[in-house]
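Chain by chain, the residues run as shown.
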Amino acid sequence: MVEHLDAVEVALATDDPWDGFVSYVRTAAALQARDRGIPDLVTMELSSAPEIDQLRTRAFDGLVRRVERAQAAGVLRADFTHPDVVLLLMANAAMRANGERRLGTGP
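Here the structure is a predicted model, which means the values were calculated and not measured.

Draft legend 1. Quick look at the packing of helix α2 (residues 17–34) against helix α4 (residues 50–72). Interhelical geometry of α2 versus α4 gives an angle of 145° and a closest axis separation of 8 Å. Between α2 and α4 the crossing geometry is left-handed. Contacts between α2 and α4 involve Pro17, Gly20, Phe21 and Tyr24 on the former and, on the latter, Leu63, Arg66, Val67, Arg69 and Ala70. Of the residues that constitute the contact of α2 with α4, the class distribution is six nonpolar, one polar and two charged.

Draft legend 2. Main features of α4. Its 23 residues place the ends of α4 33 Å apart at the C-alpha level, agreeing with the 33 Å of an ideal helix rising 1.5 Å per residue. When α4 is considered as a whole, its buried residues turn out to be Leu55, Arg56, Ala59, Gly62, Leu63, Val64, Arg66, Val67 and Ala70. Just downstream of α4 lies glycine 74, where phi reads positive at about 80°.

Draft legend 3. The arrangement of the nonpolar core in detail. Counting 18 residues, the largest nonpolar core has Phe21, Tyr24, Val67 and Val85 as its most contacted members. Those elements that provide at least two residues to this core are α1 (2–13), α2, α4 and α5 (82–103). Look past the residues within four positions of valine 85 in its chain and what remains in contact with it is Phe21, Tyr24, Leu63, Val67 and Phe80.

Draft legend 4. A look at the environment of glutamine 32. Inspection of the secondary structure assignment puts glutamine 32 in helix α2. On the accessibility criterion, glutamine 32 (6% relative accessible area) is buried. Here the side chain of glutamine 32 touches asparagine 92 through a polar contact of 2.4 Å, side chain to side chain.

Draft legend 5. Spatial organisation of the packing of aromatic side chains. Tallied over the full model, the rule gives two aromatic pairs. Measuring from ring centre to ring centre gives 5.7 Å for tryptophan 18 and phenylalanine 21, while their planes differ by 35°; the resulting arrangement is tilted. One end of the pair is tryptophan 18 and the other is phenylalanine 21, both in helix α2 and three residues apart, which spans about a single turn. Here tryptophan 18 falls in the partly exposed class, since its relative accessible area comes to 38%. Overall, the relative accessible area of 6% leaves phenylalanine 21 in the buried class.

Draft legend 6. Representation of the packing of α1 against α4. Two elements in contact, α1 and α4, have axes whose closest approach is 9 Å; the angle formed by their N-to-C orientations is 25°. Considering the angle they form, α1 stands roughly parallel to α4. Along this stretch, α1 crosses α4, giving a crossing that reads as left-handed. Across the interface between the two elements, Val2, His4, Leu5, Val8, Glu9, Ala11 and Leu12 of α1 pack against Leu55, Arg58, Ala59, Gly62, Leu63, Arg65, Arg66 and Arg69 of α4. The residue makeup of the contact of α1 with α4, split by class, is eight nonpolar, two polar and five charged.

Cut-offs used in this document
Residues numbered from 1 in each chain as written. Predicted model: local features only at pLDDT ≥ 70, side-chain atom pairs only at ≥ 80, totals over all residues. Heavy atoms only, no water. Axes fitted to C-alpha atoms, helices over the stretch in contact; angles between N-to-C directions. Helix = DSSP H or I, 4+ residues; strand = E, 2+ residues; numbered from the N terminus. Left-handed = near helix turned anticlockwise from the far one by under 90°. Contact = heavy atoms within 4.5 Å. Nonpolar A, V, L, I, M, F, W, Y, C, P; charged D, E, K, R; others polar. Expected span 1.5 Å × (residues − 1). Buried < 20%, exposed > 50% of the residue type's maximum accessible area, 1.4 Å probe, protein only. Core = buried A, V, L, I, M, F, W, Y, C linked by side-chain atoms within 4.5 Å. Polar contact = N/O pair within 3.5 Å; in protein donor to acceptor, adjacent residues only side chain to side chain. Phe/Tyr/Trp six-rings, centres within 6.5 Å; stacked < 30°, edge-to-face > 60°. Parallel < 35°, antiparallel > 145°, perpendicular 65-115°, else oblique.

Structure representation (structure tokens):
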């Protein structure tokens with residue numbers, strides 16, 4: 001989760017709104033490709049692990065700000081929302097899992 005938060009913070013620190021948005025999406029997808037547990041960590045109930053839940057909340061809040069900045073700059077469509085990013089990353093994780101099953105390399 002720390003790496004995920006780092007990806008959001010790098011995106012927020014990037015001056016160009018589009019480059020920051022793309023940086024986050026690429027890094028988050030790469031994290032998913034490297035670690036099959038990342039999608040679960042981002043979406044599962046973690047109230048029993050408050051330190052991880054706090055990191056996730058910070059990452060989510062940063063993602064919302066990144067999307068809003070890109071929209072305000074006119075480089076991201078107004079009808080694109082932060083849930084769309086979540087959906088994009090969920091699809092990425094599903095494609096990875098499906099590819100592993102087809103190749104016989106996954107669980």
